[in-house]
Every structure is written in structure tokens, then in C-alpha cells.
Amino acid sequence: RKEDQSWQFLKQAETQGYASADLDIYLGILHANQWQQRKNAAKAIENDQQREVFLQQAREQFYQPAIDYLSRAQQEQADAEFLMAHVAYIEGRLEEAITLALQESEKHPWHYEALLLVADAYSQMAVTKGAEEGHDSNVELLKLSNAHLDQAIMIGDSDPNNHRKT
């Protein structure tokens, strides 16, 4: 993905006064992705104080804007389950994210991004459970993650607007 270019164009649109729920959604998702990357990067910081400073900066720069953009977009959208699922995922409420994303998928079966979010949430739950209880404990969660990922790929491949390089 060319997230940097997307970021640049979307921020330019916002700076020039363009406002829409779609712009808020895209900016919210980009900020959310950056927040997730920073959370993962923080795991490599051994010093507790440095890790907390790093995470606090990431919260201010990415987490809070993601919540703000997605919340604003949610208010403007009639079908807000996917956005609410994304907010729940960002906030670590993974079971709620799964429930909301599945509701979105039931309403709009072609929305493969909702199934990708479900797969990511199950995967995150599996990582957490594996770290706490041992890796054998997370097999069912990984199977659920893989099943939803397979379904998302199948739906995504059937979308003529979704181009994938082979």
C-alpha cells in the first residue's frame, strides 16, 4: 500500500477545506493504522518510562485523532457498524469489534473489509491468549481468524473494483 501518498492527499484535502464523512473515515483509518503500528513498536522498548513516553506521544498524534475522525464520520453515516467496530478495535474492545463488524458483514455481504477486521481482532485475541496461557490455547482463535480472512479474500477477489497484483 502507498499509505504515505494517501495520507498526503487526504490531509491536503482536509487542509483545503474539503469535509465529508468519507474523508473522516479514511483519515480515521489511517490514524488507526499508525496507532496500531506504534503500539507494536512500543513492545520493543525495554525501558518502561521510555515506552510510556513513546505511547503517550502516539496516543496524542494518532489514537485520539483516529477516535475523533471515526466518531465524527459515524455520526454522519446511516450504517455505522463498521466505523463503530473500528473504534472498538482501536480501543482494544475486540469482542465488541467482532460483533459490530459481523453485523456490518451481514447487512453488506460484499464488505470484505469488515471480515478483515474480524480476522485481525481474532488474531489479536489469539496473540494475547497465547502469551498468557501458552500457544496451544489459541488454536481455535487462530482458526476463526483464518476462516474470516479466507472469506474476506474470496469476497475481495470477486470485487471488480479490487485489483490485486498477481
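Residues numbered from 1 in each chain as written. Predicted model: local features only at pLDDT ≥ 70, side-chain atom pairs only at ≥ 80, totals over all residues. Heavy atoms only, no water.

Chemist: Help me understand helix H4 (residues 81–90) in this model?
Modeler: An α-helical segment advances 3.6 residues per turn. Residues three or four places apart therefore align on the same side. Taking burial as the measure, the 10 residues of H4 include 9 buried ones, the bulk of the element. Burial in H4 covers these residues: Glu81, Phe82, Leu83, Ala85, His86, Val87, Ala88, Tyr89 and Ile90. The positive-phi residue at the C-terminal boundary of H4 is glycine 92, with phi of around 85°. (Buried < 20%, exposed > 50% of the residue type's maximum accessible area, 1.4 Å probe, protein only. Helix = DSSP H or I, 4+ residues; strand = E, 2+ residues; numbered from the N terminus.)

Chemist: Help me out: how do you make sense of the nonpolar core in this one?
Modeler: A general trend in soluble globular proteins is that nonpolar side chains are found buried together. Counting 17 residues, the largest nonpolar core has Tyr89, Ile98, Ala101, Leu117, Tyr122 and Met125 as its most contacted members. Looking at this core, the elements that each hand over two or more residues are H4, helix H5 (94–107) and helix H6 (112–133). Here the element with the most residues in this core is H6; it accounts for 7 residues. Among all residues touching alanine 101, those that are not within four sequence positions of it are Ala85, Ala114, Leu117 and Val118. (Core = buried A, V, L, I, M, F, W, Y, C linked by side-chain atoms within 4.5 Å. Contact = heavy atoms within 4.5 Å.)

Chemist: Sorry, what's going on with the packing of helix H2 (residues 21–42) against H4 here?
Modeler: Pairs of packed helices are described in terms of their axes, by the angle between the two and the distance that separates them. Interhelical geometry of H2 versus H4 gives an angle of 20° and a closest axis separation of 11 Å. Between H2 and H4, the interaxial angle falls into the category roughly parallel. Crossing hand, H2 versus H4: left-handed. Along its contact with H2, which presents Ile25, Ile29, Ala32, Trp35, Gln36 and Lys39, the element H4 presents Phe82, Leu83, His86, Tyr89 and Ile90. Looking at the contact of H2 with H4 residue by residue, the classes come out as 8 nonpolar, 2 polar and 1 charged. (Axes fitted to C-alpha atoms, helices over the stretch in contact; angles between N-to-C directions. Parallel < 35°, antiparallel > 145°, perpendicular 65-115°, else oblique. Left-handed = near helix turned anticlockwise from the far one by under 90°. Nonpolar A, V, L, I, M, F, W, Y, C, P; charged D, E, K, R; others polar.)

Chemist: When you look at H6 in this model, what are you seeing that I'm missing?
Modeler: An ideal rise of 1.5 Å per residue puts 32 Å on 22 residues; H6 measures up with 31 Å between its terminal C-alpha atoms. Within H6, burial applies to Tyr112, Ala114, Leu115, Leu117, Val118, Ala119, Ala121, Tyr122, Met125, Ala126 and Gly130. Where H6 is buried, its residues touch H4, H5 and helix H7 (139–158). Once H6 finishes, glycine 134 follows within two positions and takes phi at roughly 100°, a positive value. (Expected span 1.5 Å × (residues − 1).)

Chemist: I'm lost on the pattern of salt bridges in this one. Help?
Modeler: Proximity of charged atoms lets side chains of opposite charge pair with each other. Under the definition given, this model contains 7 salt bridges. Among the ionic pairs, glutamate 14 bridges to lysine 11, the shortest N-O distance being 2.9 Å. Taken as a pair, glutamate 14 and lysine 11 lie in helix H1 (residues 3–15) at a separation of 3 residues, close to a single helical turn. Residue aspartate 24 pairs with arginine 72 through a salt bridge whose shortest N-O separation is 2.9 Å. Taken together, the residues span a long stretch of sequence, with aspartate 24 in helix H2 and arginine 72 in helix H3 (residues 48–76) at a distance of 48 residues. Among the residues examined, aspartate 24 registers a relative accessible area of 7% and is labelled buried. (Salt bridge = Lys/Arg side-chain N within 4 Å of Asp/Glu carboxyl O.)

Purely geometric numbers; function is a separate question.
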